[in-house]
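The primary structure of each chain is shown beneath.
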Amino acid sequence: MAGIVISYDPSGRNGENVHTVAAMLRGIGRPDCEPAIAIEGEVVLASCGGKSPLWDASHSCCVLFEGELVGDGHDAPELRILELYRERGEGFIEALNGTFASVVWDAKCKRLMVGNDRFGLHPLYTAIVNGRHLWASSPKAMLANPAFTVHLNPVGLADFLGLNLFQADDTLVQGVSEITPGTFDVCEPHGVRTLRYWDFVLSEEENGRSSRSYVEGAVDVLRASAGRRQANEETSGFLLSGGTSSRVALGALDRGRLVGLAFGAPNSSEAAFAWQVAETAGIPFRFHALGPERLKTDAPVGIERSPEPLSCIQFDGLGAWGTVDADCKVIVTGCGGAAVFGQPARPREWAGEFTAERHFEALRVFSDEDLSQLLQPGWYRQIEGAALRRFRDDLARCPSRHGIHRLDYWALRQWTRRLDSRLAHLFPEGTRIRPLFLDNEVVDFARALPPSLRWGEKSVYRRALLKIAPELASLPVTTTGGLPLSYGLRRLRYHHRLAAWAKRFSRASGGILLPASRPLSAAPDYASWLRRDLHDWMTKLLLEPRTLDRGLWRREGLLALIADCLNGGDRAQPAARKIFTLISLELWCRRYFDIAGEAVLPSDHSAAR
């Protein structure tokens, strides 16, 4: 597991800093990793992959790089960055395309620059400890710093329980934040500043350019991005789903060098649709069926690999990737496509119906009512309503009058960055994950689209699919309720209204006059897993004294939640999702908050140390 740590101390206490950095590296690296630590004036640069900074010929400037660049110079990223820094100074990072973290130390000017890719796909976290500015690939590095005072972050807890991801730039650890996408930190003798070099600002106005030219332009940039991601001759894996984005990406890629990969419930519509897409596209297809038997062993592995907490249902099937797909060293994904181009099945009228509350409700895991029964009163008072307030604040950061633009802005900056991209850390060591849509040229093109071409009948995203892969557009899609995207929007809306009417009629008649239709499902029946194979694991983790002594949960609240799952019915699946959230949180606390195997209150961790 790769990782970097950077320390900047204006006072020059580098002897002490080296010991701190070494401890932080141990917090994020494998026990057998070979650390590389370089001391340069006020700066300590370290990598747990044995990679040292690369200096220029005059030994006046060096670069520490982790990740991958696509396009020109991707085989020697450090040299490319040194060249760009000489030409553009602080503007060097604007020209970098890929998934990366980059550190430049200019010894002549005593200037340190720390940043990552414009989408934040390669995370960097930062904290200030005893006057030292620290950066690392994971918050776990800060927890391994003996001088760092550890507290559970209440707003991070609210976010994780509310949405299974963190909002703004916060983490579960108080005092540790993630670098904001599109910014980088500059440290100089007179101070530290943060500069913004890019933002996902969408076009607000219509223009006279024809929609056909935009469709042709979209196809061109997508194919160029595909070429950059398939630059080598090797066969790439491609993550398939039942949605729109994987079809658009597949239409742009060279299918002759692809293997389709998917995982999920064997009998789900998501699996069936992915198989249809692979068969129609003529590519080999490997499907990994999810089951409860591996989850108990995979969940701790996922906790170790991911830089911050994820729901452990994301970890199921983790072991299969390391064995069956070991020959796929490059995996291309379609993540972020709908945020970049807009959702094609979304009618334009939806913009007038958009509210933050409505969308938050569609995403949330725990409601405030749930948390009032589950959390100890002191913790509940700290986080009551916080996740929704922060969701509103995140939406408000988008400078747009269109509600849909604000939602796409949030999806790219938060959902794609803090959920989709974090799953890349779960793949085997050395696997390179290349998201096709998160390419500088593609995103710059898409954010210039007029609002009318981002959603509805004129959606450039949908029309690009019809142009480059019409055979894939004619297949069912999960995001449209199982209808093909080749249908017009009016027809899609008619079928949605008909399905909604049938559902209400079936419910009113008790399923006698009209049997209930089987809903589209991508997820396994997690509730049945917890009722059978994982029952003892669940109850041990959530109800044993070590968990309850943490001071977060009310025992009666946990028992009621478990009962909802075990009793079946409509409450079982939502309860299962909530239980897996709590299991992930408990596993993370045990691994990174607890001391010598004994549970402590997260807020008392520093005192116990």
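Coordinates for the structure precede this section.
Residues numbered from 1 in each chain as written. Predicted model: local features only at pLDDT ≥ 70, side-chain atom pairs only at ≥ 80, totals over all residues. Heavy atoms only, no water.

## A look at the overall build of the chain
No. 1: Helices and strands together make up the secondary structure of the chain, namely 26 helices and 19 strands.
No. 2: For the chain, the residues scored as buried account for 57% of the 609 residues in total.
No. 3: When contacts within the chain are restricted to residue pairs at least 6 apart in sequence, long-range pairs at least 24 apart make up 71% of them.
No. 4: On the chain, roughly 24300 Å² of surface is accessible, and the fraction owed to carbon and sulfur atoms is 51%. (Helix = DSSP H or I, 4+ residues; strand = E, 2+ residues; numbered from the N terminus. Buried < 20%, exposed > 50% of the residue type's maximum accessible area, 1.4 Å probe, protein only. Contact = heavy atoms within 4.5 Å. Areas by Shrake-Rupley, 256 points an atom, 1.4 Å probe, with all protein chains shown as cover.)

## Quick word on the environment of Ser584
No. 1: Tracing the backbone through its elements, the reader meets Ser584 in helix α25 (residues 572–592).
No. 2: Sequence separation between Ser584 and Gly302 is 282 residues; the distance between their C-alpha atoms is 9.5 Å.
No. 3: Ser584 has contacts with Phe160, Ile303, Leu310, Ser311 and Cys312, leaving out every residue within four places of it along the chain.
No. 4: A polar side-chain atom of Ser584 sits 3.2 Å from the main-chain carbonyl oxygen of Leu310. (Polar contact = N/O pair within 3.5 Å; in protein donor to acceptor, adjacent residues only side chain to side chain.)

## Observations regarding unusual backbone geometry
No. 1: At His59, a position not held by glycine, the phi torsion is positive, near 55°.
No. 2: Here His59 shows up in the loop between β4 (54–55) and β5 (61–69).
No. 3: The phi angle at Asn130 is positive, at roughly 55°, despite the residue not being glycine.
No. 4: Position of Asn130 among the secondary structure elements: in the loop between β8 (125–129) and β9 (132–136).

## Examining the layout of surface pockets
Using a probe with the size of a water molecule, rolled over the atoms, empty space left in the structure can be pinpointed.
No. 1: One number sums up the size of the second largest pocket: a volume of about 330 Å³.
No. 2: Together, 14 residues line the second largest pocket, and Asp370, Leu561, Asp564, Arg571 and Lys578 are the ones closest to its centre.
No. 3: Only α13 (368–374), α24 (555–566) and α25 provide two or more residues apiece to the lining of the second largest pocket.
No. 4: When the residues that make up the lining of the second largest pocket are grouped by side-chain class, the tally is 6 nonpolar, 2 polar and 6 charged. (1 Å grid on protein atoms, 1.4 Å probe; cavity = no way out; pocket = protein on both sides within 12 Å on 5 of 7 lines; lining within 4 Å. Points joined across faces, edges and corners; volume = space filled by probe spheres on them. Nonpolar A, V, L, I, M, F, W, Y, C, P; charged D, E, K, R; others polar.)

## Comments concerning empty space enclosed by the protein
No. 1: Counted according to the given criterion, the structure contains 2 cavities of 30 Å³ or more.
No. 2: There is about 60 Å³ of room inside the largest cavity.
No. 3: In this structure, the largest cavity is lined by Arg118, Phe119, Pro181, Gly182, Arg196, Trp198, Asp199, Phe200, Leu412 and Arg413.

## Quick word on the side chain of Thr416
No. 1: Positionally, Thr416 belongs in helix α16 (residues 403–420).
No. 2: Once residues within four sequence positions are removed from consideration, Thr416 is found in contact with Cys335, Gly336, Ala411, Ser421 and Leu438.

## Notes on the sheet that holds strand β13 (residues 236–239)
No. 1: Sheet architecture is open: 5 strands sit in the order β15-β14-β13-β16-β17, paired in parallel fashion. Of all the strands in the sheet, the pair left with one neighbour each is β15 (285–289) and β17 (432–435). Adjacent strand axes in the sheet meet at a mean angle of 30° when their direction is disregarded.
No. 2: One ladder, built from 4 bridges, connects strand β16 (residues 330–333) with β17; its direction is parallel. By the bridge assignment for β17, Val330 is matched with Arg432. (Pairing = 2+ DSSP bridges. Axes fitted to C-alpha atoms, helices over the stretch in contact; angles between N-to-C directions.)

## A short note on α24
Each α-helix winds once per 3.6 residues, and so residues spaced three or four apart point in a common direction.
No. 1: Counted at 1.5 Å a residue, the expected span for α24 with its 12 residues is 16 Å, and the 16 Å between its end C-alpha atoms agrees.
No. 2: Among all positions of α24, only Gly557, Leu558, Leu561, Ile562 and Cys565 are buried. When α24 is viewed along its axis, its buried side chains cluster within an angular range of 130° and face the same direction.
No. 3: Once α24 ends, the next one or two residues include Gly568, with phi positive near 75°. (Expected span 1.5 Å × (residues − 1). Arc of directions from axis to C-beta.)

## With respect to the packing of aromatic side chains
No. 1: Taken as a whole, this structure holds 19 aromatic pairs when the rule is applied.
No. 2: An aromatic cluster of three or more residues is present, and its members are Tyr85, Phe92, Phe184 and Tyr197.
No. 3: Stacked on the ring of Tyr214, the Lys or Arg Arg209 has its end atom at 4.1 Å from the ring centre. (Phe/Tyr/Trp six-rings, centres within 6.5 Å; stacked < 30°, edge-to-face > 60°. Lys NZ or Arg CZ within 6 Å of the ring centre and 35° of its normal.)

## Examining the sheet that holds β4
No. 1: The strand order β4-β5-β6-β7-β11-β12 describes an open sheet built from 6 strands, whose pairing is antiparallel. Either end of the sheet is taken by a strand with one partner, and the two such strands are β4 and β12 (191–196).
No. 2: Sheet strands touched by helix α2 (residues 77–88): β4, β5, β6 (98–106) and β7 (111–116). Its angle to β5, the strand with the most contacts, is close to 125°.

## Section: the packing of α24 against α25
No. 1: Relative orientation of the contacting elements α24 and α25 amounts to 135°, with a least axis distance of 7 Å. Judged by the angle between their axes, α24 and α25 are oblique. You can see that α24 and α25 cross each other, and the crossing is left-handed. Between α24 and α25, the residues in contact are Leu558, Leu561, Ile562, Asp564 and Cys565 and Ala572, Ala575, Ala576, Lys578, Ile579 and Leu582, respectively.
No. 2: Each residue belonging to the contact of α24 with α25 can be placed in one class, and the counts come to 9 nonpolar, no polar and 2 charged. (Parallel < 35°, antiparallel > 145°, perpendicular 65-115°, else oblique. Left-handed = near helix turned anticlockwise from the far one by under 90°.)

## What about the pairing of strand β2 (residues 36–40)?
No. 1: In terms of strand pairing, β2 meets strand β3 (residues 43–47) through 5 bridges, oriented antiparallel. Each bridged residue has a counterpart across the sheet, and for Ile39 the counterpart in β3 is Val44.
No. 2: Between the end of β2 and the start of β3, which pair antiparallel, lie 2 residues, with Gly41 showing a positive phi angle near 60°.

## Digging into the pattern of salt bridges
A side chain with one charge may pair with a side chain of the opposite charge, provided their charged atoms come close.
No. 1: Going through the model one piece at a time under the given rule, you end up with 42 salt bridges.
No. 2: Between Asp564 and Arg571 there is a salt bridge, with the nearest N and O atoms lying 3.1 Å from each other.
No. 3: Relative accessible area serves as the criterion here: at 22%, Asp564 is assigned to the partly exposed category.
No. 4: Connected through salt bridges with shared partners, the residues Asp169, Glu178, Glu308, Arg417, Arg418 and Arg422 form a single ionic network. (Salt bridge = Lys/Arg side-chain N within 4 Å of Asp/Glu carboxyl O.)

## Here we look at the side chain of Glu544
No. 1: Note that Glu544 resides in the loop between α22 (535–543) and α23 (545–548).
No. 2: At 2.5 Å, the side chain of Glu544 forms a polar contact with the side chain of Arg590.
No. 3: Sequence-distant contacts of Glu544, that is, excluding residues within four places in its chain, are made with Thr539 and Arg590.

## Quick word on α22
No. 1: Within the span of α22, buried status applies to Trp537, Met538, Leu541, Leu542 and Leu543.
No. 2: Residues of α22 that are buried in the fold lie against α8 (295–305), α21 (526–531), α23, α24 and α25.

## Section: the environment of Gly385
No. 1: Tracing the chain through its elements places Gly385 in the loop between α14 (377–383) and α15 (386–396).
No. 2: The spatial distance from the C-alpha of Gly385 to the C-alpha of Leu371 is 10.0 Å, given a sequence separation of 14 residues.

## Quick look at the nonpolar core
No. 1: With 156 residues, the main nonpolar core has Leu161, Phe341, Phe580 and Ile583 as its most contacted residues.
No. 2: For this core, the leading source of residues is α25, giving 12 residues.
No. 3: Leave out the neighbours within four places in its chain, and Ile583 touches Cys312, Trp537, Met538, Leu541 and Leu542.
No. 4: Core analysis: the next-biggest nonpolar cluster, separate from the first, contains 17 residues, Leu64, Val114, Trp135 and Cys187 among them. (Core = buried A, V, L, I, M, F, W, Y, C linked by side-chain atoms within 4.5 Å.)

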